[in-house]
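For reference, the chains in residue letters:
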Amino acid sequence: MTREEAFEFLDRAAQGIAEMFGSSCETLVHDMGVPSHPILSIYNGHVSGRTVGSTLDILGTDRELEPEARTSDQVNLYATTPSGAQIKSSTFHLIGEDYNLALGINFDYTSLVYANRILVDLMSAEADLKTALWQGGDSALSDLFDECLAALGKPVDALGKADRLKLVAMLEQKNAFSYRKSVPFVSRRLGVSRYTVYKYLDELTRKDGEESQ
């Protein structure tokens, strides 16, 4: 296979994948034989804001890649663009005698994260009716919150972001977020928005994912 044939194949694949998965899916072909790995073709480039000829990666940097990264496939990795979009990224190499090309696929799932949070909220209720009528409603969740707050040794109004994040992590470890309407409850007790609590949980999930790699 010549370089032209290899590029034509990868370009067709990139265009087809972009059409199949829609405007949230950016696909592109890199020339990995060049240290700056310029983009030879790109579809749905609005996802990262890049165009043909760009040497920026999905992270918004123009650093040269490590030698291994220029030849090894990278599959289903997490990335965040400079604009804050959450991306699942994969790169597949096609290497010949006189070429090293790569097909990149970057799927922006940011809207799905927010949609999922809305769905969870819609399907949640404050508590089961029996507990609300006869057993004090949020008592179990309140007890967990008070226990974690006591462990921090500070009142709510003295908590900084790091403290709040630690408190949410402690609640998560105790499965507090398995309770219905736990996020609205915690947001009320902390005096922050529901979005902020979801953001803390997302940070903890990403941190756990990075530590497990």
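Everything numeric here is computed off the predicted structure, so don't read it as measured data.

Regarding the pattern of salt bridges
Scanning the model with the defined rule gives 8 salt bridges in all. The residue R189 makes a salt bridge to D146 at a minimum N-O spacing of 2.6 Å. Of this pair, R189 sits in helix α6 (residues 182-190) while D146 is found in helix α4 (residues 139-152), placing the two residues 43 residues apart along the sequence. Among the salt bridges present, the one from R206 reaches D202, with a minimum N-O distance of 2.8 Å. Taken as a pair, R206 and D202 lie in helix α7 (residues 194-212) at a separation of 4 residues, close to a single helical turn.

Observations concerning the packing of α4 against helix α5 (residues 161-173)
Interhelical geometry of α4 versus α5 gives an angle of 135° and a closest axis separation of 10 Å. By the angle between their directions, the pair α4 and α5 is classed as oblique. The interaxial crossing formed by α4 with α5 has right-handed handedness. Contacts between α4 and α5 involve L144, F145, C148, L149, A151 and L152 on the former and, on the latter, D163, K166, L167, M170 and L171. Grouping the amino acids of the contact of α4 with α5 by side-chain chemistry returns 9 nonpolar, no polar and 2 charged.

Focus: the sheet that holds strand β1 (residues 25-31)
If you trace the 5 strands from one edge of the open sheet to the other, you get β2-β1-β5-β4-β3, paired in antiparallel fashion. Whereas interior strands pair on both sides, the edge strands pair on one side only; in this sheet they are β2 (39-43) and β3 (74-80). Taking each pair of neighbouring strands and ignoring which way they run, the sheet shows an average axis angle of 20°. As judged from the 4 bridges shared by β1 and β2, these two strands associate in the antiparallel manner. Residue pairing across strands places T27 opposite Y43, the latter belonging to β2. Those strands touched by helix α1 (residues 3-21) are β1, β2, β4 (86-95) and β5 (100-108), and its axis lies near 170° from that of β1.

Observations regarding the side chain of H37
Structurally, H37 can be placed in the loop between β1 and β2. Residue contacts for H37: discarding those within four places in its chain leaves H30, D31, M32, S54, T55, D57, R63 and L65.

Calculation notes
- Residues numbered from 1 in each chain as written.
- Predicted model: local features only at pLDDT ≥ 70, side-chain atom pairs only at ≥ 80, totals over all residues.
- Heavy atoms only, no water.
- Salt bridge = Lys/Arg side-chain N within 4 Å of Asp/Glu carboxyl O.
- Helix = DSSP H or I, 4+ residues; strand = E, 2+ residues; numbered from the N terminus.
- Axes fitted to C-alpha atoms, helices over the stretch in contact; angles between N-to-C directions.
- Parallel < 35°, antiparallel > 145°, perpendicular 65-115°, else oblique.
- Left-handed = near helix turned anticlockwise from the far one by under 90°.
- Contact = heavy atoms within 4.5 Å.
- Nonpolar A, V, L, I, M, F, W, Y, C, P; charged D, E, K, R; others polar.
- Pairing = 2+ DSSP bridges.

That is the geometry; function is a separate question.
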